[in-house]
Amino acid sequence: MKLFASLTADRCRLCGARAATTIGSVAPTHPGNFATRNYTLQQCGRCEVVYLHPLPDASDLKLLYEDSVQFSSDHYTDPEQVNKILDYYGSELESLQLLPEGPSRLLEIGAGLAWVSRAAKLRNADVHTVAQDVSGECATACPWVDRYFVGPIDELNDRAPYQLASLTHVIEHLADPASMIERIAALLAPGGKIFMTAPFRPIGWTSSGDIIAWREYPYLHVPAHITYFSRRWFEKQARRFGLEIMHWNAEHEQGQAFALVLRKLA
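Residues numbered from 1 in each chain as written. Predicted model: local features only at pLDDT ≥ 70, side-chain atom pairs only at ≥ 80, totals over all residues. Heavy atoms only, no water.

(A) Geometry of helix H4 (residues 115–123). When we look at burial in H4, the residues that qualify are Trp115, Val116, Ser117, Ala119 and Ala120. The elements touched by buried residues of H4 are helix H2 (74–77), helix H3 (79–95), strand S4 (104–109), strand S5 (127–133) and strand S7 (162–168). (Buried < 20%, exposed > 50% of the residue type's maximum accessible area, 1.4 Å probe, protein only. Helix = DSSP H or I, 4+ residues; strand = E, 2+ residues; numbered from the N terminus. Contact = heavy atoms within 4.5 Å.)

As structure tokens, then:
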């Protein structure tokens, strides 16, 4: 998938349409010696995505994901919080019928502590779980993962098909999200599913809204969160890569986050 990163600011980086307008300026919300410190949020009138402009520097992304500690806070270790997270992913696995009965294979991308793999193992001990992350921070902390691969997804070298792939609060971090969807689609068995969750929009914000709601949005993480997606954008990617949308729910946390399921066509 060709990104349109080099085009002018009025062209959408994700679809190339001359339909991008500026919502307003935003500053880094993470501490760090970032190469880029001045960003705007752009909105595309055609594919309806909202995204950071310019695209964050590769060195800044490496600083965030490979050269820092991400999973040491109580948010990831407090027993009550752990149970809450596992209950959520477990209920999604069940209600959306994401996990087949009997032996199957699950790929968790950008896994971190591999919550989906953990929730899946609690419900089906026969599922083979593979976790991938560019950071090795959690590689030895997830006994519920059968294989924890540290490195880019393109280097996974796993030809056996998966029945389920998950990206939970991952796709918003990617510089080239369409290429990731294409890669995952190639790894799925026919009928296999992709489960995603990600930030969506500030509470009550509409396309005619201003920047204030975004600056107060708890999921505005600059430069970590690069893109805030739309159903329209996913519909286009599904058609391109032999997928279909099975489930779309943009009402999580009063509209602040979405959940999506894509299915690979037979």
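That shown, we press on.
(B) Structural context of the sheet that holds S4. Here we have 7 strands laid out as an open sheet, ordered S6-S5-S4-S7-S8-S11-S10, and mixed in their pairing. The two strands at the open ends of the sheet, each matched to only one other strand, are strand S6 (147–150) and strand S10 (243–252). Going from strand to strand, the sheet's axes swing by 15 degrees on average, the running direction of each strand aside. Bridge count for strand S8 (residues 188–199) against strand S11 (residues 257–264) is 7 bridges, and the pairing is antiparallel. What sits directly across from lysine 193, in S11, is arginine 263. Its contacts with the sheet place H4 against S4, S5 and S7, and it is angled at close to 155 degrees to S4. With respect to the sheet, helix H5 (residues 177–187) is in contact with S4, S7, S8, S10 and S11, its orientation differing from that of S8 by roughly 145 degrees. (Pairing = 2+ DSSP bridges. Axes fitted to C-alpha atoms, helices over the stretch in contact; angles between N-to-C directions.)

(C) Local environment of the packing of H5 against helix H7 (residues 231–240). Packing of H5 against H7 brings their axes to within 10 Å, and their N-to-C directions diverge by 40 degrees. One element, H5, and the other, H7, form an angle in the oblique class. In this structure, H5 crosses over H7, and the sense of that crossing is right-handed. Where H5 approaches H7, its residues Pro177, Ala178 and Ile181 are matched on the opposing element by Trp233, Phe234, Gln237 and Arg240. Of the residues in the contact of H5 with H7, the class split is 5 nonpolar, 1 polar and 1 charged. (Parallel < 35°, antiparallel > 145°, perpendicular 65-115°, else oblique. Left-handed = near helix turned anticlockwise from the far one by under 90°. Nonpolar A, V, L, I, M, F, W, Y, C, P; charged D, E, K, R; others polar.)

(D) Just the packing of H3 against H4, in detail. The N-to-C vectors of H3 and H4 enclose an angle of 70 degrees; their axes lie 9 Å apart at closest approach. Classified by the angle their axes make, H3 and H4 are roughly perpendicular. Here H3 runs over H4; the crossing is right-handed. Along the contact surface, H3 presents Val82, Ile85, Leu86, Tyr89, Gly90, Ser91, Leu93 and Glu94, while H4 presents Trp115, Val116, Arg118, Ala119, Ala120, Leu122 and Arg123. The residue makeup of the contact of H3 with H4, split by class, is 10 nonpolar, 2 polar and 3 charged.

(E) Fine view of the packing of aromatic side chains. Counted by the stated rule, this structure contains 15 aromatic pairs. For the pair phenylalanine 200 and tryptophan 248, a centre-to-centre distance of 5.8 Å together with 80 degrees between the ring planes defines the contact as edge-to-face. Taken together, the positions of phenylalanine 200 in the loop between S8 and helix H6 (212–215) and tryptophan 248 in strand S10 put the pair 48 residues apart, joining distant regions of the chain. With relative accessibility at 17%, the residue phenylalanine 200 sits in the buried group. Directly above the aromatic system of tryptophan 144 lies the positively charged group of arginine 118, at a separation of 4.2 Å from the ring centroid. Positioned above the aromatic ring of phenylalanine 200, the side-chain terminus of arginine 201 is 4.5 Å from the ring centre. (Phe/Tyr/Trp six-rings, centres within 6.5 Å; stacked < 30°, edge-to-face > 60°. Lys NZ or Arg CZ within 6 Å of the ring centre and 35° of its normal.)

(F) Quick look at the nonpolar core. By size, the foremost hydrophobic cluster in this structure holds 42 residues, and its most contacted members are Leu107, Met196, Trp233 and Phe234. Ranked by the residues each element gives to this core, the list is headed by H5, at 6 residues. Filtering out sequence-adjacent residues up to four positions away, phenylalanine 234 remains in contact with Ile171, Ile181, Met196, Phe229, Ile245, Trp248, Phe258 and Leu260. Counting 28 residues, the second largest nonpolar core, distinct from the first, contains Val82, Leu86, Leu99 and Ala120. (Core = buried A, V, L, I, M, F, W, Y, C linked by side-chain atoms within 4.5 Å.)

(G) The arrangement of the pairing of strand S2 (residues 39–44) in detail. The buried count for S2 comes to 5 of 6 residues, which makes it a mostly enclosed element. One ladder, built from 4 bridges, connects S2 with strand S3 (residues 50–53); its direction is antiparallel. Looking across to S3, one finds that leucine 41 is bridged to leucine 52. Joining the antiparallel neighbours S2 and S3 is a turn of 5 residues, in which glutamate 48 adopts a positive phi near 70 degrees.

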